[in-house]
Amino acid sequence: MIDGPYFVLTVLGVLGTGVMAGVFCAFSTFVMRGLAALPPAQGVAAMNAINTAAVRPAFMSLFLGTTVLAAVIAVVTIVLWPDGAAVELLLGSALYLVGSFGVTAAANVPRNTALLRMEPGSAEAAARWPGYVREWTAWNHVRAGASAAAAVAYVLALA
């Protein structure tokens, strides 16, 4: 079993990835469904407002802090290679770094940026909104699953 500062890092990893899994799950299961039920102009305007509000210290500290923490856990694991927990720790870090941070950067943020450039009431926004919701939500499912799996991997490292 891991102990000391390593134990604390791993517990923080469980908490960070678990909270992020919850945030992503909430978006996938009811926020995006609610937005999709709105007329396109309202849905686009609401999503743009959400995306703008997300880039604030509270959310960004949690999201990026968990990303840094996952990277630190991976580096410390590679350097120290703890008995019986290295695979779980590296797996948890990889899941979060690739499946949450990587997917956010490669899939969700570019879609958000493109949506922000559209006028909510335009014909273009109305035509693109259903595809945006479908694609963004699919990638968000990946983020939710990867974050939850990372939390499970970190918990297994503690066992």
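Before reading further, recall that the structure is shown in the block above.
As a starting point, this report considers the structure included with it. Keep in mind the model is a prediction, meaning the values are calculated, not measured.

With respect to the packing of helix H1 (residues 4–36) against helix H4 (residues 86–116)
At a closest axis distance of 12 Å, the pairing of H1 and H4 adopts a crossing angle of 35°. The two elements H1 and H4 meet at a crossing, and its hand is left-handed. Two secondary-structure elements touch here, H1 through Tyr 6, Thr 10, Thr 17, Met 20 and Phe 24 and H4 through Leu 89, Tyr 96, Ser 100 and Thr 104. For the contact of H1 with H4, the residue count by class is five nonpolar, four polar and no charged.

Let's talk about the side chain of Ser 93
One can find Ser 93 in helix H4. Leaving out residues up to four positions away in the same chain, Ser 93 has contacts with Ala 70, Ile 73, Ala 74 and Tyr 154.

Description of the side chain of Asn 48
Counting through the fold element by element, Asn 48 comes out in helix H2 (residues 40–54). Judged by its relative accessible area of 9%, Asn 48 is buried.

A few points about the packing of aromatic side chains
Two descriptors summarise a pair of aromatic rings, namely the distance from one centre to the other and the angle between the planes of the rings. Applying the stated criterion across every chain yields a total of five aromatic pairs. Seen from their ring centres, Trp 129 and Tyr 132 are 5.5 Å apart, and the 15° between their planes marks the pair as stacked. Of this pair, Trp 129 and Tyr 132 both sit in helix H5 (residues 123–158), separated by three residues, roughly a single helical turn. A residue is classified by how much of its surface remains accessible, and Tyr 132, at 6% relative accessible area, is buried. An aromatic cluster is defined as three or more aromatic residues linked by ring pairs; in this entry it consists of Phe 24, Phe 59, Phe 63 and Phe 101.

Conventions we followed
Residues numbered from 1 in each chain as written. Predicted model: local features only at pLDDT ≥ 70, side-chain atom pairs only at ≥ 80, totals over all residues. Heavy atoms only, no water. Axes fitted to C-alpha atoms, helices over the stretch in contact; angles between N-to-C directions. Helix = DSSP H or I, 4+ residues; strand = E, 2+ residues; numbered from the N terminus. Left-handed = near helix turned anticlockwise from the far one by under 90°. Contact = heavy atoms within 4.5 Å. Nonpolar A, V, L, I, M, F, W, Y, C, P; charged D, E, K, R; others polar. Buried < 20%, exposed > 50% of the residue type's maximum accessible area, 1.4 Å probe, protein only. Phe/Tyr/Trp six-rings, centres within 6.5 Å; stacked < 30°, edge-to-face > 60°.

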